[in-house]
Amino acid sequence: SGEDDSDDDLAQDAKAAKNIPEAPVGEMEDMLVFCSSFTCEAAANFISPLYFLANVWFYDETAMLSKWGVKKEYYMYYLVFYAFMVIFQFLTDMLTINIVDLFHRWQVLDYLEFCQYRFRTRTADWKGRETAYDEMLCPHQRSLDQLCFSDQYYFVTSLCTLGALAWMMGMQII
């Protein structure tokens, strides 16, 4: 039964993929840049509190929070503020996608569904190993489009971000 559900999902994704009209190349590249920055900011919304907590744990070693006048005892207020902020940020993000859809006539959600379909029907375990690219896109955007904004894309983005933040914290300690 679980295999039938997955086949039904693939058939539904394929049907949705056929309904996506071709967008002019310039608009497609602009939409890809929007999706890329949008997803990076969304990932940053979840990584930021981890970095803040790391600064709290290493308060004396980094001295980063003390330079900004944040006392160690007040970290909970910042985390509570962040918890409320992330809810409103999520609502703002949903509104932003709808505004972009209406103003630019980009079909962002349809494109992301098509990306999901491409990811689910990939030929290699790691999407980056596939050799088929969208030749209509600029060369520097092809690998971004190839990762399909999938779990693998978020893994790579998070890994790079956490590496940069760890480097920055290390430099503060040194």
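Once a new chain begins, its residue numbering starts again from 1 and follows that chain's sequence as written. Only residues with pLDDT of at least 70 are given local features in this predicted model, and only at 80 or more are side-chain atom pairs given and counted; all residues enter the totals for whole chains, interfaces and linings. Hydrogens are left out, water is left out, and the side-chain values use all remaining heavy atoms of the structure.

> Would you mind going over the overall build of the protein chain with me for this structure?
A run of H or I in DSSP counts as a helix once it spans at least four residues, and a run of E counts as a strand once it spans at least two, with each numbered from the N terminus. The secondary structure content of the protein chain amounts to 8 helices and 0 strands. Seen in sequence order, the protein chain has helices and strands lined up from the N terminus as α-α-α-α-α-α-α-α. Put simply, of all contacts in the protein chain between residues at least 6 apart along the chain, 69% involve residues at least 24 apart. Only the protein chains shown count as covering a residue, and every accessible area follows the Shrake-Rupley method with a 1.4 Å probe. Summing over all exposed atoms, the protein chain offers an accessible surface of approximately 12,000 Å²; the carbon and sulfur share of this is 63%. Throughout, a residue-residue contact means that at least one pair of heavy atoms, one from each residue, lies within 4.5 Å.

> Looking at this model, I keep getting lost on the pattern of salt bridges. Mind explaining?
Oppositely charged side chains may form a pair once their charged atoms are brought near each other. Think of a salt bridge as a Lys or Arg side-chain nitrogen and an Asp or Glu carboxyl oxygen that are within 4 Å of each other. Counted according to the given criterion, the structure contains 3 salt bridges. Salt-bridge contacts for Asp145 lead to Arg118; the nearest nitrogen and oxygen are separated by 3.3 Å. Of this pair, Asp145 sits in helix α7 (residues 139–146) while Arg118 sits in helix α6 (residues 108–120), and the two are 27 residues apart along the sequence. Accessibility assignment for this pair places Asp145 and Arg118 in one class, buried. Relative accessible area decides the class of each residue, using a 1.4 Å probe on protein chains only: under 20% of the type maximum gives buried, over 50% gives exposed, and in between gives partly exposed.

> What's the story with the side chain of Asn55 in this structure? I'm lost.
Looking at the secondary structure, you find Asn55 in helix α2 (residues 25–57). Judged by its relative accessible area of 2%, Asn55 falls in the buried class. Excluding residues that lie within four positions of it along the chain, Asn55 makes contacts with Thr62, Met64, Leu65 and Met169.

> Before we go on, may I ask you to explain helix α5 (residues 75–104) in this structure?
Helical geometry: 3.6 residues make up each α-helical turn, so side chains three or four residues apart lie on a common side. Expected span of a helix: the number of residues minus one, times 1.5 Å. In this model α5 runs 41 Å from its N-terminal to its C-terminal C-alpha over 30 residues, within 8% of the 44 Å that 1.5 Å per residue would give. Positive backbone phi, at 60 degrees, marks Arg105, one or two positions downstream of α5.

> Is there a simple way to think about the side chain of Gln146 in this case?
Tracing the backbone through its elements, the reader meets Gln146 in helix α7. Among the residues examined, Gln146 registers a relative accessible area of 5% and is labelled buried.

> Whenever I open this one, the confidence of the model for the protein chain confuses me. Can you help?
If pLDDT is low for a region, its predicted coordinates should not be looked at in detail. Note: pLDDT gives the predictor's confidence per residue, expressed from 0 to 100. The share of residues in the protein chain with pLDDT of 70 or more is 86%, and the mean pLDDT across the chain is 87. The lowest-confidence element of the protein chain is helix α1 (residues 2–18), averaging 58 in pLDDT; the highest-confidence one is α6, averaging 94.

> It is not clear to me how the packing of aromatic side chains should be interpreted in this structure. Could you clarify?
We describe a pair of aromatic rings using the distance from one ring centre to the other and the angle between the two ring planes. Planes of paired rings set the category: under 30 degrees apart is stacked, over 60 is edge-to-face and the rest tilted, where pairs are Phe, Tyr or Trp rings (Trp by its six-membered ring) whose centres lie within 6.5 Å. Tallied over the entire structure, the rule returns 9 aromatic pairs. Two limits define a charge over a ring: the Lys NZ or Arg CZ must be within 6 Å of the ring centre, and within 35 degrees of the ring normal. The ring centre of Phe119 lies 4.0 Å from the NZ or CZ of Arg122, which sits over that ring.

> It is not clear to me how α6 should be interpreted in this structure. Could you clarify?
Here α6 spans 18 Å end to end across 13 residues, near enough to the 18 Å set by a 1.5 Å rise per residue. What α6 keeps buried is the set Val108, Tyr111, Cys115, Arg118 and Phe119. Along the long axis of α6, the arc covered by the buried residues comes to 100 degrees, so they all point the same way. Summarising the geometry, the arc corresponds to the directions from the helix axis toward the C-beta atoms.

> Just checking my understanding: could you explain unusual backbone geometry for this structure?
The phi angle of most residues is negative, glycine excepted, and most peptide bonds adopt the trans form. A positive phi angle, close to 55 degrees, is found at Ala63, a residue other than glycine. Inspection of the secondary structure puts Ala63 in the loop between α3 (59–62) and α4 (64–67). In this model, Arg105 sits at a positive phi of 60 degrees, which is unusual for a non-glycine residue. Mapping Arg105 onto the fold places it in the loop between α5 and α6.

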